[in-house]
Amino acid sequence: MSTSTPPVTPGAAAAADPDDPREHIEVGVLLPTGRLVGRRFASRAEAEVWARPEDGEQVVEYNLVCDCEM
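Residues numbered from 1 in each chain as written. Predicted model: local features only at pLDDT ≥ 70, side-chain atom pairs only at ≥ 80, totals over all residues. Heavy atoms only, no water.

1. Considerations on the environment of Glu-61
Our working definition: Elements are defined by DSSP. Helices are runs of H or I of four residues or more, strands are runs of E of two residues or more, and each kind is numbered from the N terminus. Partly exposed describes any residue whose relative accessible area lies between the buried limit of under 20% and the exposed limit of over 50%, with all areas from a 1.4 Å probe on protein chains only and scaled to the type maximum. Polar contact criterion, stated in full: a pair of N or O atoms within 3.5 Å, where within protein one must be able to donate a hydrogen and the other to accept it, and residues adjacent in sequence count only if both atoms are side-chain atoms.
With respect to the element layout, Glu-61 can be found in strand β2 (residues 58-63). Taking the relative accessible area as the measure of exposure, Glu-61 reaches 26% and is therefore partly exposed. Sequence separation of Glu-61 and Val-29 is 32 residues, and the distance between their C-alpha atoms is 8.7 Å. A polar side-chain atom of Glu-61 sits 3.4 Å from a polar atom in the side chain of Arg-44.

2. Looking at the side chain of Asn-63
Along the chain, Asn-63 falls in strand β2. Assessed through its relative accessible area of 1%, Asn-63 is described here as buried. A distance of 2.7 Å separates a polar side-chain atom of Asn-63 from the backbone nitrogen of Val-65.

3. Some words on the nonpolar core
To be explicit about the condition: As used here, the term nonpolar core means buried Ala, Val, Leu, Ile, Met, Phe, Trp, Tyr and Cys residues forming a set that is joined through side-chain atoms within 4.5 Å. Contacts are assigned to residue pairs with any non-hydrogen atoms lying within 4.5 Å of each other.
Val-27, Val-29, Val-37, Phe-41, Ala-47, Ala-51 and Val-59 form the largest nonpolar core, which has 7 residues in total. Discounting chain neighbours no more than four positions away, the residues touching Phe-41 are Val-27, Gly-28, Val-29, Glu-46, Ala-47 and Trp-50.

4. A word on the confidence of the model for the protein
As a reminder, the rule being used: Scored from 0 to 100, pLDDT reflects the predictor's confidence in each residue.
For the protein, per-residue confidence averages 80 on the pLDDT scale, and residues scoring 70 or more make up 71% of the total. By mean pLDDT, the top-scoring element of the protein is helix α2 (residues 44-50) (97), and the lowest-scoring one is helix α1 (residues 12-16) (53).

5. So, the pattern of salt bridges
Rules: Whenever Lys or Arg places a side-chain nitrogen within 4 Å of a carboxyl oxygen from Asp or Glu, that contact is recorded as a salt bridge.
Within the structure shown, the criterion is met by 6 salt bridges. Residue Arg-39 is joined to Glu-46 by a salt bridge in which the shortest nitrogen-to-oxygen separation is 3.2 Å. Accessibility expressed as a relative area gives 36% for Arg-39, which makes it partly exposed. Of the residues examined, Glu-46 reaches a relative accessible area of 31% and is grouped as partly exposed. In this structure, Arg-52 engages Glu-57 in a salt bridge whose closest nitrogen and oxygen atoms are separated by 3.3 Å. Taking the relative accessible area as the measure of exposure, Arg-52 reaches 43% and is therefore partly exposed. Through salt bridges with shared partners, a single network forms among Arg-44, Glu-48 and Glu-61.

6. Overview of the environment of Val-29
Counting through the fold element by element, Val-29 comes out in strand β1 (residues 26-30). Look at Val-29 and you get buried, because its relative accessible area is 0%. Placed 23 residues apart in sequence, Val-29 and Arg-52 show a C-alpha to C-alpha distance of 9.1 Å.

Below is the structure:
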């Protein structure tokens, strides 16, 4: 009877943890000045409706923990 454990894929444990802060993605609107607007959006769709791309605004996704664009 074998009791070997299955191989672990790097990052699999982090993806399985719903409280992992690396998985908390925020959606925002980036102004042409390089600053984010001062409000929160519940979804990317909501941010896309609010943003004005004709004025140079962009919808972005980011993670506050690593401060990197997704």
